[in-house]
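# Notes for the structure review
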Amino acid sequence: MSVRIDALGHRFDGGPWLFRGLTSTLEPGHVYALTGPSGSGKSTLLAILAGWIQPAAGTVERSDSGWVTWVAQHPHGVAHRAVLDHVALPLLARGVQPRAAEAKAQRLLERFRLAERSHHPFSALSGGEAQRLMLARGIAAEPSLLLVDEPTAQLDRRTAATVDAVIGELAREGTVVVVATHDAQTRDACTDRLDLEDYAA
Amino acid sequence: MRWRAITREAWRNVVSGTSRAGIVAVVLVTAAVGLLLTDLFAVRGIVDRVDEFRSAGADVLVFSAASGVDPVRCEGIASAPGVHAAGAVRRDPDRYISTMPGSSIPTYEVSPGFAAVVHAAPAEGVGVVLSRELATTLQVVPGGGVHVLADGSGPAPTRVAGVYDYPADGRMSGFGFAMLVPTLDRGPFDACWVRQWPQSAETEVLLRSVAVADAGTDATPPELTQLNTSLGRQLDARALFLERPTRWLPLVGLLVAAAVGFAVVRLRRLEIASARHLRVPHGAQVLGVVLESCAWAVPVLLVGALAGAWVASSGVAADRGSTMALAMLAPIGVVLGGIAGSVLGVVSVRERALLRYLKER
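Parameters at a glance
Residues numbered from 1 in each chain as written. Chains lettered and ligands numbered in written order. Predicted model: local features only at pLDDT ≥ 70, side-chain atom pairs only at ≥ 80, totals over all residues. Pairing = 2+ DSSP bridges. Helix = DSSP H or I, 4+ residues; strand = E, 2+ residues; numbered from the N terminus. Axes fitted to C-alpha atoms, helices over the stretch in contact; angles between N-to-C directions. Contact = placed C-beta atoms within 7 Å. Nonpolar A, V, L, I, M, F, W, Y, C, P; charged D, E, K, R; others polar. Domains from an automatic or database assignment. Expected span 1.5 Å × (residues − 1). Buried ≥ 20, exposed ≤ 12 C-beta atoms within 10 Å, placed from the backbone.

All right, on to the sheet that holds strand β3 (residues 31–35) of chain A then. Residues and elements named next belong to chain A. Within the open sheet, the five strands sit side by side as β5-β6-β7-β3-β8. Their pairing is parallel. Strands at the two margins of the open sheet, each flanked by one partner only, are β5 (68–71) and β8 (192–195). Ignoring strand direction, the axes of neighbouring strands in this sheet form an average angle of 15 degrees. For strand β6 (residues 145–149) and strand β7 (residues 176–180), the ladder comprises five bridges, and the chain directions are parallel. Residue L147 lies in a different strand from β7, and its bridge partner there is V178. Here helix α4 (residues 127–140) sits on the sheet in contact with β5 and β6, set at roughly 175 degrees to β5. Its contacts with the sheet place helix α5 (residues 157–172) against β3, β6 and β7, and it is angled at close to 150 degrees to β7.

Set out below in structure tokens:
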């Protein structure tokens, strides 16, 4: 999937423009770092790309109807459900047999260094673990477009590097990845950059 | 999403407490049992009123026409729909009993069906039927005998075929201390008594047809009365049942359970929207919530059935089957409402509102 962004702009209820005139094409195999100061509209742009918000100006066109997954900045899971269940759910949803889904989910958890936590409830995870779980779960949905909001904000440098590496691997597998981030190391790990400051009104 | 995966998810949501099935079960079982007991006891009140009405003889109609009632036509009414017994009665000269020769006994000749009208128990075989007060005074029981003195002749041994209750509770006087003498005579009688339930205007028409030609006089025209008017003329048990205020309780249960089901599912809106964002199909979520609902629906139905069985066995109504059917209305309403509310809750969750749900956390 590629995403064509044309003269995109947004503001809420007639307020000041967050950004305007954003034109770009997001291609598979690339990881786009979405940067800009707080309040510049990074999360809003992700929501527009997800199709949840209608932009005030411009258009977003996807080349096909591939799946879009958005991973929120603040982890949200089902408190009493096991970590493994969270990652297996998107696989089960696509018709994968439970046993195979659990095996695949376990491998994804290993990628994010969460294998030993697979049978713990979500509520037992630390903030960083929960953040990684959300990424693992989002990837399990096998999206064509992965939108990630501040994925390393709660992680130490070593774990953040692991996450950056996994995101890079995903892009190489053909996923379009957009990462909203303040983190310089994560930004540098991305192949491309969209700085909303360049499109501020 | 495969059926097995849906059941797996539903089961895990129940056992992990995610679906809050335990608290929902407690709330809805309490609501269902409370509602069903309230309704059943309201019905019990109606049944008690009917029992009181009937046991007081208020269900007996009396057509009076001095020497103007055809006993054959009167007895024939017993075969009419809703009529339980019919019989004719006429005043006869007082008799005397050998054991209390100083007291005259008010005596009535009655057609064979009359004993059933006054619930003479048991009234079998040949013999007189005594009021309870007279039988107690004479210390006789059905099957026993008394020596009746009549017309100045010697005492004639007479079998007591039955005894009937006739308390002074507002019913027509004259039969509380009396003796009924069955007769097959087809001559005119003074009155025709009919016990009917439920009450019917058609029976009144039939009753008026028992009058012989030129029945009654200008001074005492034929009249149709109720044996006991102290409890009112009419008691429409069907209307009382159908219009009882508690008839709406199953609907109330349905609405309350729908609100509970909706609210509990809406508490999970972030989880549901998130799952949908992860490709879980809409239909699978609806089916999953319905399956999860079984965790509280089964206890609601079981406890409801147990409560209904308990009430039925305690004799609230004569018909246990009807009592059970009535008892299950509220639990069934609660279950249907709860499931409908839960499904509505799932359907109302929007994937595109995921951001808003996150902010509302």
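Next, the rest of the story.
This brings us to the interface of chain A and chain B. Put simply, an interface is often sized by how much accessible area is lost when its parts join up. At the interface, 21 residues of chain A touch 21 residues of chain B. At the level of elements, β5 and α2 (83–93) of chain A are the ones that each hand at least two residues to the side of chain A that touches chain B. The leading source of residues in the side of chain A that touches chain B is α2(A), at five residues. Taken together, the residues that form the side of chain A that touches chain B break down as twelve nonpolar, five polar and four charged.

Right, let's talk about the domain arrangement of chain B for a bit. Split by domain assignment, chain B resolves into domain 1 (3–51 + 239–360) and domain 2 (60–230). On a C-alpha basis, the centres of domain 1 of chain B and domain 2 of chain B stand 56 Å from each other.

Let us look at the sheet that holds strand β2 (residues 19–26) of chain A. Residues and elements named next belong to chain A. The three strands lie next to each other as β2-β1-β4, forming an open sheet whose pairing is antiparallel. Unpaired on one side and paired on the other, β2 and β4 (57–62) mark the two borders of the sheet. Averaged over all adjacent pairs, the angle separating strand axes in this sheet is 15 degrees, with direction ignored. Of the strand pairs in this sheet, strand β1 (residues 3–10) and β2 are connected by five bridges, and their pairing is antiparallel. Within β2, the residue paired with V3 across the bridge is L26.

All names here are of chain B. Between its first and last C-alpha, helix α8 (residues 249–266) extends 25 Å over 18 residues, near the 26 Å set by a 1.5 Å rise per residue. Along α8, the positions that sit buried rather than exposed are L249, P250, G253, L254, V256, A257, A258, V260, G261, F262, V264 and V265. Buried positions along α8 lie against α2 (21–55), α10 (282–313) and α12 (329–348).

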